[in-house]
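Chain and residue survey
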Amino acid sequence: MPVIQTHNIPATPLEAGEGASMQMLISSQLAPHFAMRKFTIKAGGFMPNHTNSVEHEQYVLSGEAEVGIGNEITVAKAGDALYIPAGIPHYYRVKGDEPYIFLCLVPNAPDEIRILD
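Report on the accompanying structure. (Residues numbered from 1 in each chain as written. Predicted model: local features only at pLDDT ≥ 70, side-chain atom pairs only at ≥ 80, totals over all residues. Heavy atoms only, no water.)

1. So, the environment of Ala-109
Here Ala-109 lies in the loop between strand S9 (100-107) and strand S10 (113-115). By relative accessible area, which is 41% here, Ala-109 ends up partly exposed. In the structure, Ala-109 is positioned 81 residues away from Ser-28 in sequence and 8.9 Å away in space, judged by C-alpha atoms. (Helix = DSSP H or I, 4+ residues; strand = E, 2+ residues; numbered from the N terminus. Buried < 20%, exposed > 50% of the residue type's maximum accessible area, 1.4 Å probe, protein only.)

2. So, the packing of aromatic side chains
The description of an aromatic ring pair rests on the distance of the ring centres and on the angle between the ring planes. Applying the stated criterion across every chain, the model contains four aromatic pairs. Ring plane angle 10 degrees and centroid distance 5.2 Å describe the contact between Phe-39 and Phe-102, whose orientation is recorded as stacked. Residue Phe-39 is located in strand S3 (residues 34-52), and its partner Phe-102 is located in strand S9; the two are separated by 63 residues in the primary sequence. For the pair Phe-39 and Phe-102, a shared accessibility class is recorded, and that class is buried. Relative to Phe-102, the ring of Tyr-92 lies with its centre 5.3 Å away and its plane at 20 degrees, an arrangement referred to as stacked. Taken together, the residues span a long stretch of sequence, with Tyr-92 in strand S8 (residues 90-95) and Phe-102 in strand S9 at a distance of ten residues. Of the two residues, Tyr-92 and Phe-102, neither departs from the other in class, the shared state being buried. By the ring-pair criterion, three or more aromatic residues cluster together here, those being Phe-39, Tyr-92, Tyr-100 and Phe-102. Across from the ring centre of Tyr-91, 4.4 Å away, lies the NZ or CZ of Arg-93, which sits over that ring. (Phe/Tyr/Trp six-rings, centres within 6.5 Å; stacked < 30°, edge-to-face > 60°. Lys NZ or Arg CZ within 6 Å of the ring centre and 35° of its normal.)

3. Observations regarding the side chain of Ser-62
Among the secondary structure elements, Ser-62 is positioned in strand S4 (residues 56-62). Given a relative accessible area of 17%, Ser-62 falls into the buried group.

What follows is the structure, encoded as C-alpha cells:
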C-alpha cells in the first residue's frame, strides 16, 4: 500500500518522559529498510536522556525543543533536520506553548533503549 492514511493510526503514549506519544507511520512489516515514526511531545513535556542502539534521522514538523545530542545542546524548530548516531545520549525538552512534533526514521534493526537519567 503506497499511501497510508495516517490520521487513522493511533498514537501510543511513551512510558519514559512526560507528555510524549508515537505513531508508527511505516513499520518494518511494510518497508524493508527503515521505519517512519511520528513523535509528539506536548507543551511542558520531555523525553529523558537516553541512548538507542540504532541511528535516528529526524525532521521537525512543528514546535521547538531544547535537544541535547552528546555534548551539544541546541534548540530545534520546525524545518530543522537532526541526525543522532547510534549509541549517543540524547534528550528533548519542549520550549513554549506548542507541541514539538517530528518525524523519526530508524533502520529496521533491533533497538536497545537505555534511559540515562
